[in-house]
Amino acid sequence: MPNPSRLSRFNVASLTLGLAFLYLPILILVIYSFNASRLVTVWGGWSLRWYHEFFSDRAMIDAAWMSVRVGATSATAATVLGTLAAVALSRGQGFRGRMLFSGMLYAPLVMPEVITGLSLLLLFVALDAERGFWTVTVAHTTLTMCFVAVVVQSRLVSLDRSLEEAAMDLGCDPLHAFVMVTLPLIAPAVVAGWMLAFTLSLDDLVIASFTTGPGSATLPIRIYSEVRLGVKPEINAICTLVIGLIAVVIIIASLASKLSSDRGESAAPL
């Protein structure tokens, strides 16, 4: 009888085609970012010309720095708020308004981004808030907080609460028990939530286009404005650098998550 654990040729072919469909365009983009030719579709040899063009483009550098600042700030705020919301939903089983709170928290998951962006724009106009860095940050926090809550809540649901209860039996109040016991155990989920929020913020175009103002354009908005006039090889270099940044964030987050998990497991028996 065939071994069910072995991959068949069909499964191998399907997996190969799937991975090629996902990653081959990215690989081609990275290769053509080193193209010496001014034409995007014509290979002219290896060159770092377009990376030099990018680092000489002050407007593009400012847009990239704006995206990084917005992403880091909104991801941190979304992680804090999303973690607190996940704790409330997983631990407060019977509080009044739980269903309404849950629905409002997860609404951005299914809400079209155009509606979210337009509603936030109307809010900022009603508040007479100057659109810029903070309005984009608030908008991205609103968008990504629900993703963090989903990730952290899934970890809290599977967590053994007896560890936290044992800490409280030994004299810890609920806050110290959460900080000293529960938080290290859910740290991998918290880190994963931050990483997801950061990448979603870097990727967002629609909501940022509604909430940004003069002099605060993010990198996706800048790239979109450039692409409308034609794809330049410089865009390939920018996208390659973004891919490298995301890869570094993933590696750092994975190492931090593993370190936190190891510390949590070593401290759990105590």
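This one's a predicted model, so the numbers in the text were calculated from it and none came from an experiment.

1. Regarding the overall build of the protein chain
At step 1: Within the protein chain, the regular secondary structure consists of eleven helices and zero strands.
At step 2: A principal-axis box enclosing the C-alpha atoms of the protein chain has dimensions of 70 × 70 × 30 Å.
At step 3: A burial count over the protein chain gives 35% of its 270 residues as buried.
At step 4: Long-range pairs, those at least 24 residues apart, make up 71% of the contacts in the protein chain between residues at least 6 apart in sequence.
At step 5: Accessible area of the protein chain: about 16,100 Å², with a carbon and sulfur share of 70%.

2. Quick notes on the side chain of Ser90
At step 1: Along the chain, the position of Ser90 falls in helix 3 (residues 58-91).
At step 2: Residue class for Ser90 comes out buried when judged on its relative accessible area of 11%.
At step 3: From its side chain, Ser90 meets the backbone oxygen of Ala86 in a polar contact 2.9 Å long.
At step 4: Within the structure, the side chain of Ser90 is placed 3.4 Å from the backbone oxygen of Val87, a separation counted as a polar contact.
At step 5: When sequence neighbours within four positions are dropped, the list of residues in contact with Ser90 reads Gln153 and Leu156.

3. Let's talk about the packing of aromatic side chains
At step 1: Going through the model one piece at a time under the given rule, you end up with seven aromatic pairs.
At step 2: A centroid spacing of 5.1 Å and a plane angle of 35° characterise the contact between Phe34 and Tyr51, whose relative ring orientation is tilted. Placement of Phe34 in the loop between helix 1 (9-32) and helix 2 (49-56) and of Tyr51 in helix 2 is noted, with a sequence separation of 17 residues between them.
At step 3: According to the relative accessible area criterion, Phe34 is partly exposed, its value standing at 24%.

4. So, the environment of Thr83
At step 1: Positionally, Thr83 belongs in helix 3.
At step 2: Using a relative accessible area of 9% as the deciding quantity, one classes Thr83 as buried.
At step 3: Note: C-alpha distance between Thr83 and Val148 (65 residues apart in sequence) is 6.8 Å.
At step 4: Residues in contact with Thr83, not counting those within four places in the same chain, are Ala78, Val148, Val152, Ile186 and Val190.

5. Describing unusual backbone geometry
At step 1: Although it is not a glycine, Asp128 adopts a positive phi angle of roughly 55°.
At step 2: Mapped onto the secondary structure, Asp128 falls in the loop between helix 5 (113-126) and helix 6 (133-157).
At step 3: Judged by its relative accessible area of 68%, Asp128 falls in the exposed class.

6. So, the nonpolar core
At step 1: Counting 18 residues, the largest nonpolar core has Val148, Val152, Leu156, Leu159, Ile186, Ala197 and Phe198 as the members making the most contacts within it.
At step 2: Elements with a contribution of two residues or more to this core: helix 3, helix 6, helix 8 (174-203) and helix 11 (233-267).
At step 3: The element that contributes the greatest number of residues to this core is helix 8, accounting for eight residues.
At step 4: Among the nonpolar cores identified, the runner-up in size contains eight residues, and Phe54, Met60, Ala63 and Ala64 belong to it.

7. Considerations on the packing of helix 2 against helix 3
At step 1: Axis separation between helix 2 and helix 3 bottoms out at 5 Å; the angle between their running directions is 75°. When the axis of helix 2 is compared with that of helix 3, the two are roughly perpendicular. Facing Phe54, Phe55 and Ser56 of helix 2, the residues of helix 3 in contact are Arg58, Met60, Ile61 and Ala64.
At step 2: For the contact of helix 2 with helix 3, a count of residues per class yields five nonpolar, one polar and one charged.

8. Description of the pattern of salt bridges
At step 1: On inspection of all chains with the given rule, the structure shows one salt bridge.
At step 2: With a shortest N-O distance of 3.4 Å, Asp62 and Arg58 are connected by a salt bridge. Here Asp62 pairs with Arg58, and both are found in helix 3, just four residues apart, close to one helical turn.
At step 3: With relative accessibility at 61%, the residue Arg58 sits in the exposed group.

9. Details of helix 5
At step 1: Between the first and last C-alpha of helix 5 there are 20 Å, a value that for 14 residues agrees with the 20 Å anticipated at 1.5 Å per step.
At step 2: Considered for burial, the residues of helix 5 that qualify are Thr116, Gly117, Leu120, Leu121 and Phe124. Buried residues of helix 5, viewed axially, fall in a sector of 130°; they line one side. Exposed and facing more than 90 degrees away from the buried side of helix 5 are Leu122, Val125 and Ala126.
At step 3: Taken from the residues just after helix 5, Asp128 is the one with a positive phi, measuring 55°.

Scoring rules and cut-offs
Residues numbered from 1 in each chain as written. Predicted model: local features only at pLDDT ≥ 70, side-chain atom pairs only at ≥ 80, totals over all residues. Heavy atoms only, no water. Helix = DSSP H or I, 4+ residues; strand = E, 2+ residues; numbered from the N terminus. Buried < 20%, exposed > 50% of the residue type's maximum accessible area, 1.4 Å probe, protein only. Contact = heavy atoms within 4.5 Å. Areas by Shrake-Rupley, 256 points an atom, 1.4 Å probe, with all protein chains shown as cover. Polar contact = N/O pair within 3.5 Å; in protein donor to acceptor, adjacent residues only side chain to side chain. Phe/Tyr/Trp six-rings, centres within 6.5 Å; stacked < 30°, edge-to-face > 60°. Core = buried A, V, L, I, M, F, W, Y, C linked by side-chain atoms within 4.5 Å. Axes fitted to C-alpha atoms, helices over the stretch in contact; angles between N-to-C directions. Parallel < 35°, antiparallel > 145°, perpendicular 65-115°, else oblique. Nonpolar A, V, L, I, M, F, W, Y, C, P; charged D, E, K, R; others polar. Salt bridge = Lys/Arg side-chain N within 4 Å of Asp/Glu carboxyl O. Expected span 1.5 Å × (residues − 1). Arc of directions from axis to C-beta.

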